[in-house]
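Summary of structural features
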Amino acid sequence: MGAAKFSACLMALCGSLACCGATPDSIRHAAELPERISELNYHTRVAPPRWRQAVHTLFWDYRSDSCHHRVEVEVPALADADIAAPSTVRYSVYERRHGQDSIIESGKFASEYGTGRSAGFSTVLKASASGAVIEMGARKADKTVPVPFDMLGCGAVAAIPPEGSGMTRHTLIYRPAVKTAYSPLDNLEDIARHIAASNDPAEGFWTYLDRNTDSRRSRPGGRYSLATVQSDDGTYLIIYLGGASENPGAWLESQVKGALIPTPFKDHFDLRWTDAYGNDVSDEASATITVDGLVLELSFPLLGSSLRFRRASPALSTEASRSARP
């Protein structure tokens, strides 16, 4: 859900990686990624080899010579390009584990060079909450291949340009996932004791009630069980207890899912919220406590969506949390 600002950088030349039998000098473009990201666009573009086709290689999930993914693309030579017909491009996508390669997919497609300085060939890795793909083509994405991508421990990305060619574009744009934070209360039992002793109506346990979502722009991350607990700065931490169905391995009991920020209006809050894949989707988001304090509604107008939770007893919330844990 949502769109936060990207971190972007143009990668400089680097010779720190060696894999697939390549020497350190051959991998001249490489970049380490943060431990967790929520979105990525890695665009490599090479000048066409002049006289004969050559292989352009793009790596991702790189952790060592024996553990990574890569795509090898046979970039057509400019001398072989036919102005009357597209060139044939062959590709193979590999997974390497324990030093052994397995082919995920291989095939061929047609692609046509532009003229003059526009002649070039792009291989692009895109990853987001909906999955990852490799796009390949000279003037447009002539072939798109779904590929695996580790959003939680991304390793490095890197590229080797074709022999006799050079890199004309090498950009990496990514969005880091929101940094994980945990409740100041140590465990569910401590949270229950705190809420039981509280007279603050904004504190409590909440279980999923229903939703009103636009499936074209968002989808719920699960039937969450939550707790709200006031922090020292006067905001109310929204604490995850269980129920994730999207990306469940990224969520643990007592992680902070967001916060209710008081406004001058009774029972109305500004909302900070982290979606299932670590994106901050707080823009214009708000929350209200209604129905005599029994319903917590989270609204995301930019996504055309809302979620509702009903107040629960500690026992019910504890049971829901434990039965729905990832």
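Conventions adopted
- Residues numbered from 1 in each chain as written.
- Predicted model: local features only at pLDDT ≥ 70, side-chain atom pairs only at ≥ 80, totals over all residues.
- Heavy atoms only, no water.
- Helix = DSSP H or I, 4+ residues; strand = E, 2+ residues; numbered from the N terminus.
- Buried < 20%, exposed > 50% of the residue type's maximum accessible area, 1.4 Å probe, protein only.
- Contact = heavy atoms within 4.5 Å.
- Areas by Shrake-Rupley, 256 points an atom, 1.4 Å probe, with all protein chains shown as cover.
- Pairing = 2+ DSSP bridges.
- Axes fitted to C-alpha atoms, helices over the stretch in contact; angles between N-to-C directions.
- pLDDT = per-residue confidence, 0-100.
- Phe/Tyr/Trp six-rings, centres within 6.5 Å; stacked < 30°, edge-to-face > 60°.
- Lys NZ or Arg CZ within 6 Å of the ring centre and 35° of its normal.
- Salt bridge = Lys/Arg side-chain N within 4 Å of Asp/Glu carboxyl O.

Before going further, it helps to spend a moment on the overall build of the protein. Helix and strand counts for the protein stand at two helices and 20 strands. The proportion of buried residues among the 326 residues of the protein is 48%. Nonlocal contacts in the protein, meaning residues at least 24 apart in sequence, comprise 60% of its contacts between residues at least 6 apart. Of the accessible surface of the protein, which amounts to about 15,800 Å², a share of 50% is contributed by carbon and sulfur atoms.

Here we have six strands laid out as an open sheet, ordered β2-β11-β4-β5-β6-β7, and antiparallel in their pairing. The sheet terminates laterally at β2 (29-32) and β7 (100-111), the two strands that pair on one side only. Within the sheet, the average angular offset between the axes of one strand and its neighbour, ignoring direction, is 10 degrees. Both β2 and strand β11 (residues 156-160) contribute to a ladder of four bridges, which runs antiparallel. Paired with Ala 31 across the two strands is Val 157, which belongs to β11.

Let us now look at the pairing of strand β5 (residues 67-75). Pairing of strand β4 (residues 54-64) with β5 involves eight bridges; the strand directions are antiparallel. Bridged to His 56 within β5 is Val 73. From the end of β4 to the start of β5, which pair antiparallel, there are two residues. Taken together, the seven bridges between β5 and strand β6 (residues 87-97) define a ladder with antiparallel strand orientation. Looking at the pairing, Val 73 lines up with Tyr 91 of β6.

Moving on, we come to the confidence of the model for the protein. With 85% of its residues at a pLDDT of 70 or more, the protein shows a mean pLDDT of 84. With pLDDT under 50 throughout, residues 1-25 is counted as low confidence; its partners more than four residues away or in other chains account for 68 contacts. Across residues 320-326 the pLDDT falls below 50, and counting only partners more than four positions away or on other chains, this stretch makes 15 contacts in the model.

What follows concerns the packing of aromatic side chains. For the structure shown, the criterion picks out eight aromatic pairs. A ring pair is formed by Tyr 208 and Phe 309, whose centres lie 6.3 Å apart and whose planes are at 85 degrees; its orientation type is edge-to-face. Separated by 101 residues along the polypeptide, Tyr 208 in strand β13 (residues 204-212) and Phe 309 in strand β20 (residues 305-312) bring together distant segments of the chain. An aromatic cluster is present here, built from Tyr 224, Tyr 240, Trp 251, Trp 273 and Phe 300 joined pairwise through their rings. Taking the ring centre of Trp 251 as reference, the NZ or CZ of Lys 257 above it sits at 4.3 Å.

Before going further, it helps to examine the pattern of salt bridges. What the rule picks out here adds up to 14 salt bridges. A salt bridge links Arg 70 to Glu 72; the nearest nitrogen and oxygen atoms lie 2.9 Å apart. The exposure class of Glu 72 is partly exposed, given its relative accessible area of 24%. Close ionic contact of Asp 101 with Arg 96 constitutes a salt bridge, the shortest N to O distance being 2.9 Å. Using a relative accessible area of 12% as the deciding quantity, one classes Arg 96 as buried. The network of salt bridges with common partners includes Asp 65, Arg 70, Glu 72, Arg 96 and Asp 101.

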